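Residue strings, one per chain:
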Number of protein chains: 2
Amino acid sequence: MNTVLETLRSTQDLRMADLFAILQIPSISSHPQHADDMKACADAFAKLLQRAGMTATMVHTTPGHPIVTGSWLHAPGRPTLLIYGHYDVQPVDPLELWESAPFSPCIHHERIFARGAADDKGQILMHIHAVEAILKTHGCLPLNVIFLIEGEEEISSPNLPPFLIAEKTRLQADLAIVSDTSMWAEGIPAITASLRGLVALEVKVTGPDRDLHSGSFGGAVANPVEILARMLATLKDDQGSIAIPEFYADVQNPSLSRRQDVANIPFDETAYCRAIGIQSSWGEAGFSILERIWLRPTIEINGMWGGYSGPGVKTVLPAQAFAKLSMRLVCNQTPEATAALVANHLRMVAPPGVTVEINKLPGGGLPWHLSLDLPAVGAARQALADSFGIQPVIIGEGASIPIVADFERILSLKTLLVGFCLPDAKPHSPNENLHLPSFHTGTESLVRMMYYLGYS
Amino acid sequence: MNTVLETLRSTQDLRMADLFAILQIPSISSHPQHADDMKACADAFAKLLQRAGMTATMVHTTPGHPIVTGSWLHAPGRPTLLIYGHYDVQPVDPLELWESAPFSPCIHHERIFARGAADDKGQILMHIHAVEAILKTHGCLPLNVIFLIEGEEEISSPNLPPFLIAEKTRLQADLAIVSDTSMWAEGIPAITASLRGLVALEVKVTGPDRDLHSGSFGGAVANPVEILARMLATLKDDQGSIAIPEFYADVQNPSLSRRQDVANIPFDETAYCRAIGIQSSWGEAGFSILERIWLRPTIEINGMWGGYSGPGVKTVLPAQAFAKLSMRLVCNQTPEATAALVANHLRMVAPPGVTVEINKLPGGGLPWHLSLDLPAVGAARQALADSFGIQPVIIGEGASIPIVADFERILSLKTLLVGFCLPDAKPHSPNENLHLPSFHTGTESLVRMMYYLGYS
């Protein structure tokens, strides 16, 4: 294995060139005008897989953007690892907040800045490089690998579940690994042991059949914006708990030992608040910030609008008001049941005189958590500890990666979430970046992980 | 007087031609590209005043749009009537909802459809025609008149109060009359005895220094849209009363006799709701619809916005949320004190962890009411009853006409509000119209009113 790590180090220039090359492709999956870039990016990853020594590499067309697969299955009797990643990226607006052009990668303070550096092109490249270094050094891998790299993660992976179902046999594996999350801090690796699920609703409140003059009618007609504000104000109590009856009925309370582990993670609340420009945190009473984000459900209003928003005064009593809400779920909540509970509650609290329409928005997914008893967790812990010189922190993630639940549901696969970007990598925001020392040490840890998983 | 009414009837074609001509000028005061049209409209009204026999007609330049005055002051010992109107109109959007072009007047079902037909060009023309008919018939008027026609009513009359102050001596009068309101119903005239005042605020709630991922942060960080909704939900109680401490301290409760009079006005609540597409009304418990609109204050949310409002889901925890509120005031509330009460309340109920900024928006004005004991009210009642064959209804108006309070404050003038458009005249909306039989009978009633006021 040390020879492999030597190979890695000696090919660092070539590997940086790979990183620059793939980050220059504007693979924005949500913009139809980038369809050709999506194709080019899929091809680029297919070439990298071939160069790395995958013996069966394919670019699969889908109704959307292509899916790239590549496998090396020449270790009979050894486990098979499904390595998932995505080559599509988020849009780049607001462009004016970028300090360098989003598709002109640029190194500054040991970080490479570019859209997709962290999420997820840079991280999937680490796996390709790890496999390539082993194959270049020894001609064979300590386990079988299948790469699965999609181009629609940022648009909710509409074509991935059908692909998993269609290719179920060829995708048979013993474990999935995904690097699309963060380290705990610079120098401190992490394994992500839970993800929250997601379900989103749009609420529309209609009052009069047109905007009315707020002077001529104000006081006698229910104002849809006011009514919607009053409805939304009933979602939580003053202690930050969700006040919808039965909302917590399906919520699995975190175990005492998990709460103890989370409490032991060094966490600087002041620094946390400073980093996002707030003076104090706010949330469900009785739980710490990390518990609120990792282990507790929430309802967030993602947007609300109605009436006049231009300059000055417009004395209007608006005809309609709208809100978008999303619920983050923990085990054992389901998107369907939670959406129904919230929608019923909102309908119940609406006064007569307005019409309330509630629609479930597309997307969403189940919550997920990893059993820490899994042998693969031990292998990953060891590989991370050996490479970074410190035990990884077992973290949770408040956001959702629906594909992880899909792996479990469709392929019966457990997933290991091991990510290498730093907490301030700014995925989805201007100045997304990847910390290069973590990129290099992380790639080494993936080499070790393959050995430990292969021989475990 | 009967000869004058004959003159009116015999000049009906000419007077309709005047109406068509002035309604063809797109005098939209808020759109800078219509500056020339504003000038043309002011000149057109000056010409009409000259033709009517005003002996001193002037177009006064202002920092904004011109003000037109014209007077006939040759009835010594008789009272002087200040006739106020405005030649500017609201914008016409949404244009696609107009059934005929807004500046191509068109007669349909005894109504003339055009922007400004009701508000206010058509109504000010009635006064000009009444005066002209008397002067053409008898060569003199039963009282002195001063016309004051401004071009900035729809943009809050920024240059009128300074003009009133500067021209105070030349504008000295005994009574002001304004026709910019409605009749009670077709065939039933009305005198408007009260107006609500107005003051507006904009509220901005800031949480984190940028939009955050609602999965990664949701549950731990106060969501400004949610906080703003919760703040706004505290403005009223479940009975529709304003729940801000001391809000009603300055509110003069309506007298028992005024409440009795209002209760005696025939009012069809079902038809009212049907006309605006609602199933039931909503408002302060213990007051009727007319009382809520005419005699009670309200707080209306004119607009609210924050976060994502596009298609589908965006899992954002917004950095900011905004609302525009306006308060309608009744005697003896003041814009300043009410704005301070509401702003202080909102700041008080905001939780720590967010920043609340509240700004008073420009415009606004004092509430106003007319004493029904005024002799001029008797003269107006009689003139309306004689012309329409039915006693006028004494109504209130929930909207604000700040100039009326300015007349009282600056010129020490009482104002008579007698309007002739129908309740469905749709001022400020597509398909604004003026009912022509009301236009003609109303002009007759203004002739009578001048005689009754002149000899009272």
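Residues numbered from 1 in each chain as written. Chains lettered and ligands numbered in written order. Predicted model: local features only at pLDDT ≥ 70, side-chain atom pairs only at ≥ 80, totals over all residues.

This part covers the overall build of chain A. Per the secondary structure count, chain A includes 14 helices and 18 strands. Relative to the 2.2 N^0.38 estimate, which gives 23 Å for 456 residues, the radius of gyration of chain A is 24 Å and therefore close to what a compact globule would have. By its C-alpha atoms, chain A is 80 × 50 × 45 Å across when sized along the principal axes. Taken across its 456 residues, chain A has 54% of its residues classed as buried. In chain A, 78% of the contacts between residues at least 6 apart in sequence involve partners at least 24 apart. (Helix = DSSP H or I, 4+ residues; strand = E, 2+ residues; numbered from the N terminus. Rg over C-alpha atoms; globule rule 2.2 N^0.38 Å. Buried ≥ 20, exposed ≤ 12 C-beta atoms within 10 Å, placed from the backbone. Contact = placed C-beta atoms within 7 Å.)

Residue and element names in this part refer to chain A. Between helix H12 (residues 375–388) and helix H14 (residues 436–455), the least distance of the axes is 8 Å, while the angle of their chain directions is 140°. Between H12 and H14, the angle is such that the two are oblique. In this structure, the crossing between H12 and H14 has a hand that is right-handed. Of the residues in H14, those in contact with Ala376, Ala379, Ala380, Gln382, Ala383, Leu384, Asp386, Ser387 and Phe388 of H12 are Thr441, Glu444, Ser445, Arg448, Met449, Tyr452 and Leu453. (Axes fitted to C-alpha atoms, helices over the stretch in contact; angles between N-to-C directions. Parallel < 35°, antiparallel > 145°, perpendicular 65-115°, else oblique. Left-handed = near helix turned anticlockwise from the far one by under 90°.)

Note on sheets: strands pair through backbone hydrogen bonds, and any given pair is parallel or antiparallel. All names here are of chain A. Taken together, the three strands give an open sheet; going across it, the order is S4-S5-S18, and neighbouring strands pair in antiparallel fashion. Single-partner strands in this sheet number two, and they are strand S4 (106–108) and strand S18 (433–435). Shown here is a sheet whose adjacent strand axes are inclined to one another by a mean of 25°, direction ignored. Two strands pair when backbone bridges link them, and S4 and strand S5 (residues 111–113) are joined in this way by three bridges, in the antiparallel orientation. (Pairing = 2+ DSSP bridges.)

At the junction of the two partners, chain B supplies 69 residues and chain A supplies 69 residues. Counting only elements with at least two residues in the side of chain B that touches chain A, the list comes to strand S9 (197–206), strand S10 (212–213), helix H6 (214–217), helix H7 (224–232), helix H10 (289–294), strand S11 (298–307), strand S12 (316–317) and strand S13 (320–329) of chain B. Counting residues per element, the side of chain B that touches chain A draws most heavily on S11 of chain B, at nine residues. Of the residues that constitute the side of chain B that touches chain A, the class distribution is 31 nonpolar, 27 polar and eleven charged. (Nonpolar A, V, L, I, M, F, W, Y, C, P; charged D, E, K, R; others polar.)

This paragraph deals with the relation of the copies chain B and chain A. At an RMSD of 0.1 Å, chain B and chain A line up after a rotation of 180° and a shift of 0.1 Å along the axis. Considering both components of the superposition, the chain copies are consistent with a two-fold axis. (Least-squares fit on C-alpha atoms with pLDDT ≥ 70 in both.)

To continue, consider unusual backbone geometry. Each neighbour pair has its own omega, and for Asp119 of chain A with Asp120 of chain A the value is 5°, a cis peptide bond. Mapped onto the fold, Asp120 of chain A is located in the loop between S5 and helix H4 (121–138). Between Asp93 of chain B and the following residue, Pro94 of chain B, the backbone shows a cis peptide bond with an omega angle of 0°. Assignment of secondary structure puts Pro94 of chain B in the loop between strand S3 (80–86) and strand S4 (106–108). Although it is not a glycine, Ser157 of chain B sits at a positive phi angle of roughly 50°. Position of Ser157 of chain B among the secondary structure elements: in the loop between strand S6 (144–150) and helix H5 (160–166).

We now examine the nonpolar core. Leu228, Met304 and Leu325 of chain A together with Leu228, Met304 and Leu325 of chain B are the most contacted members of the largest nonpolar core, which totals 95 residues. Sequence-distant contacts of Leu325 of chain B, defined by excluding residues within four places in its chain, comprise Ala200, Leu201, Val203, Ile299, Glu300, Ile301, Asn302 and Val342 of chain B. (Core = buried A, V, L, I, M, F, W, Y, C linked by C-beta atoms within 7 Å.)

What follows is about the confidence of the model for chain A. Of all residues in chain A, 100% have pLDDT values of 70 or greater, and the mean over the chain is 96. For this predicted complex, the interface confidence score (ipTM) comes to 0.88, while the overall pTM stands at 0.88. (pLDDT = per-residue confidence, 0-100.)

Moving on to the domain arrangement of chain A. Residues and elements named next belong to chain A. One can read the domain layout of chain A as domain 1 (2–195 + 367–455) and domain 2 (197–251 + 297–360). Centre-to-centre, using C-alpha coordinates, domain 1 lies 38 Å away from domain 2. For the side of domain 1 that touches domain 2, a count of residues per class yields one nonpolar, three polar and no charged. (Domains from an automatic or database assignment.)

Residue and element names in this part refer to chain A. Structurally, the position occupied by Ile165 is in helix H5 (residues 160–166). Note on Ile165: 12 C-beta atoms within 10 Å, which makes it exposed. Separated by 139 residues in sequence, Ile165 and Pro26 have C-alpha atoms that sit 29 Å apart.

Time to look at the sheet that holds S4 of chain B. Residue and element names in this part refer to chain B. Spatially, three strands are ordered S4-S5-S18 in an open sheet, and the strand pairing comes out antiparallel. The strands lining the two open edges of the sheet, one partner per strand, are S4 and strand S18 (433–435). Pairwise comparison of adjacent strand axes, ignoring direction, gives a mean angle of 25° for this sheet. Bridging between strand S5 (residues 111–113) and S18 involves three bridges; their strand directions are antiparallel. Bridge pairing links Phe113 to Asn433 in S18.

Residues and elements named next belong to chain B. With twelve residues, helix H2 (residues 12–23) should cover 16 Å at 1.5 Å per step; its first-to-last C-alpha distance of 17 Å lies within 8% of that length. Along H2, the residues that are buried comprise Asp18, Leu19, Ile22 and Leu23. Buried residues of H2 fall within an arc of 120° about the axis and therefore sit on the same side. In H2, the exposed positions angled more than 90 degrees off the buried face are occupied by Asp13, Leu14 and Ala17. At its buried positions, H2 is contacted by helix H3 (35–52), S5 and helix H4 (121–138). (Expected span 1.5 Å × (residues − 1). Arc of directions from axis to C-beta.)

All names here are of chain B. Packing of H2 against H4 leaves a shortest axis separation of 10 Å and a crossing angle of 145°. Crossing of H2 against H4: the hand is right-handed. Touching Arg15, Asp18, Leu19, Ile22 and Leu23 of H2 are Lys121, Gly122, Leu125 and His129, all from H4. Here the residues of the contact of H2 with H4 sort into four nonpolar, two polar and three charged.

All names here are of chain A. Positionally, Ala383 belongs in helix H12. On the basis of neighbour count, Ala383 is assigned to the buried category, with 23 C-beta atoms found within 10 Å. In sequence terms Ala383 and Arg347 are 36 residues apart; their C-alpha atoms lie 52 Å from each other. Not counting residues within four places of it along the chain, the set of residues in contact with Ala383 comprises Ser445, Arg448, Met449 and Tyr452.

Our next topic: the environment of His109 of chain A. Residue and element names in this part refer to chain A. Mapped onto the elements of the fold, His109 is located in the loop between S4 and S5. Judged by the 8 C-beta atoms lying within 10 Å of it, His109 falls in the exposed class. With 326 residues separating them along the chain, His109 and His435 place their C-alpha atoms 8.7 Å apart.

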